[in-house]
Amino acid sequence: MENNKISYKDAGVNIEEGYKAVDKIKGMVKDTFIPGVMNNIGSFGAMFKLPEGLKEPILVSGTDGVGTKLDIAFKLEKYDTVGIDCVAMCVNDILCHGAKPLFFLDYVACGKLDASVAEQIVKGVADGCKSSTCALIGGETAEMPGFYDEGKYDMAGFVVGVVDKENVIDGSDICEDDVLIGLSSSGVHSNGFSLVRKLIKDYSEEFNGKSIGEELLTPTRIYVNSILKLMQQFEIKGMAHITGGGFYENIPRMFKGDFMAVVNKESYPLPNIFKHLMDLGVEEDEMYHTFNMGIGFVLCVNKNDKDAVIKTLIELGEKAYEIGYVQRGEGLCLR
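Residues numbered from 1 in each chain as written. Predicted model: local features only at pLDDT ≥ 70, side-chain atom pairs only at ≥ 80, totals over all residues. Heavy atoms only, no water.

S.K.: Can you lay out the overall build of the chain for me, pointing to particular residues and giving the numbers?
M.R.: Of regular secondary structure, the chain possesses 11 helices and 12 strands. In terms of overall size, the chain behaves like a compact globule, its C-alpha atoms giving a radius of gyration of 21 Å where 335 residues would be expected to give roughly 20 Å. Principal-axis analysis of the C-alpha atoms gives the chain an extent of 85 × 55 × 35 Å. Surface summary for the chain: the accessible area is close to 16,100 Å², and the carbon and sulfur share equals 48%. Averaging the positions of the 34 positive and the 50 negative side-chain charges in the chain gives two centres separated by 3 Å. (Helix = DSSP H or I, 4+ residues; strand = E, 2+ residues; numbered from the N terminus. Rg over C-alpha atoms; globule rule 2.2 N^0.38 Å. Areas by Shrake-Rupley, 256 points an atom, 1.4 Å probe, with all protein chains shown as cover. Lys, Arg positive; Asp, Glu negative; His and termini not counted. Charge placed at Lys NZ, Arg CZ, Asp CG, Glu CD.)

Laid out in structure tokens, this is it:
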């Protein structure tokens, strides 16, 4: 009987393409290295030495993905921004506790690996890491034919940061009459895209001087450097990253006691993309339950500091607004 030899490549996995992808991303990964990185790409584990000078270092970790925003990237064949989203969703989360991101790992899965596409995806991850001054020190690319459709990719990330115990922000110092400061988002960011995709079918239609697909692929804003500098000058009592669940779910997460966030929706300009989504049939209350509505990050500060905080944030390149205040109660009141 003839012995039919079957290779891994026959099963749909091209190891050589994987090697090619690694070669393409090595330089980009190395460009993200910061003091503390202890090994190069290719090791079985990523090693990082904690920074010195911290009395009681607390590690803060987070993980997230890009969600169905990836589907728009597939359709537009534009892959170089979704990696920024992946980093942003993770680093902005741990920033809420005052943590400085140290290192990031990514995971990319697909049905059939294309080294050039993988290179673009990881370029976005590297760009996001450089924007948040953290190192991309590890990752995994998994080719799974028959599990993912050819041409489809999924990705997730994992970040570790550090904060001195005495500087951990956990909402315990928040008081009634503290003020809420909102920082502008760069657009829809990276949540709510299952609803977006149900509403918008033609990504080539013109919107604000470009295609709406390009508008939707605008990467999530990274707030790390601005907030870490701000923390050196002011007491920040609480922070919230506005992701899935919108205003209603995320702003109250900064509270430890029985407090309510009162937010004035007229306190800042609503970006056109959210007006457009409402014009397509989404009720306003549903929008605030789903999207960031133009505010990607929220701070809670002493009312005596509010003007100086806003002025400093603007000097740091952010668009910042006084959007509300804290009172006794529970949840969020939108006015």
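That was the structure; now back to the text.
S.K.: Please set out a nonpolar patch on the surface residue by residue, giving values where relevant.
M.R.: A cluster of nonpolar side chains, Tyr8, Ile15 and Tyr19, forms an exposed patch at the surface whose accessible area comes to about 350 Å². In this structure, Ile15 sits in helix H1 (residues 15-30). The partly exposed category is assigned to Ile15, whose relative accessible area is 39%. (Patch = residues over 30% accessible without salt bridge, like charges linked within 9 Å, V, L, I, M, F, W, Y side chains within 5 Å. Salt bridge = Lys/Arg side-chain N within 4 Å of Asp/Glu carboxyl O. Buried < 20%, exposed > 50% of the residue type's maximum accessible area, 1.4 Å probe, protein only.)

S.K.: Please give an account of the packing of H1 against helix H4 (residues 115-131) that cites residues and values.
M.R.: Contact geometry of H1 with H4 gives a least axis separation of 9 Å together with a crossing angle of 25°. With respect to their mutual orientation, H1 and H4 come out roughly parallel. Judged by the sense of rotation from one axis to the other, the crossing of H1 with H4 is right-handed. Facing Glu17, Lys20, Ala21, Lys24, Ile25, Met28 and Val29 of H1, the residues of H4 in contact are Ala115, Ser116, Ala118, Glu119, Val122, Lys123 and Ala126. (Axes fitted to C-alpha atoms, helices over the stretch in contact; angles between N-to-C directions. Parallel < 35°, antiparallel > 145°, perpendicular 65-115°, else oblique. Left-handed = near helix turned anticlockwise from the far one by under 90°. Contact = heavy atoms within 4.5 Å.)

S.K.: Would you mind going over helix H9 (residues 272-279) in detail, with residue names and values included?
M.R.: All of the buried residues along H9 are Ile273, Phe274, His276, Leu277 and Met278. The elements touched by buried residues of H9 are helix H5 (193-199), strand S6 (206-207), helix H6 (212-216) and helix H10 (284-290). Backbone geometry just downstream of H9 places Gly281 in the positive-phi region, at approximately 120°.

S.K.: Tell me about the sheet that holds strand S9 (residues 259-263), residues and numbers included.
M.R.: Sheet architecture is open: six strands sit in the order S8-S10-S5-S11-S9-S12, paired in mixed fashion. Of all strands in the sheet, those bounded by a partner on one side alone are strand S8 (238-241) and strand S12 (331-334). This sheet shows a mean twist of 25° between the axes of neighbouring strands, independent of strand direction. Here strand S5 (residues 179-184) pairs with strand S10 (residues 295-301) via six bridges, running antiparallel. Among the inter-strand pairings, Gly182 is bridged to a residue of S10, identified as Val298. (Pairing = 2+ DSSP bridges.)

S.K.: Before we move on, could you go through the side chain of Thr81 and cite the residues and values that matter?
M.R.: Along the chain, the position of Thr81 falls in the loop between helix H2 (69-76) and helix H3 (82-95). Here Leu217 takes part through its backbone oxygen, which lies 3.3 Å from a polar atom of the side chain of Thr81. Ignoring anything within four residues of it in the chain, the contact list for Thr81 reads Leu217 and Pro219. (Polar contact = N/O pair within 3.5 Å; in protein donor to acceptor, adjacent residues only side chain to side chain.)

S.K.: Pulling in residues and values, what's your account of the pattern of salt bridges?
M.R.: In this structure the tally under the stated criterion is 14 salt bridges. Its salt-bridge partner being Asp85, residue Lys69 comes within 3.0 Å of it at the nearest N-O pair. One end of the pair, Lys69, is in helix H2; the other, Asp85, is in helix H3, with 16 residues separating them in the sequence. Classification of Lys69 by relative accessible area gives buried; the value is 0%. Accessibility expressed as a relative area gives 0% for Asp85, which makes it buried. Ionic contacts of the salt-bridge type, sharing partners, join the residues Asp71, Lys75 and Arg197 into one network.

S.K.: Could you give an account of H3, naming the residues involved and the relevant values?
M.R.: An ideal rise of 1.5 Å per residue puts 20 Å on 14 residues; H3 measures up with 20 Å between its terminal C-alpha atoms. Along H3, 13 of the 14 residues are buried, which leaves the element largely enclosed by surrounding structure. (Expected span 1.5 Å × (residues − 1).)

S.K.: Quick rundown of the environment of Glu214? Include the residues and the values.
M.R.: By secondary structure assignment, the location of Glu214 is in helix H6. The partly exposed category is assigned to Glu214, whose relative accessible area is 42%. On a C-alpha basis, the gap between Glu214 and Lys78 in space is 9.0 Å, while along the polypeptide they are 136 residues apart.

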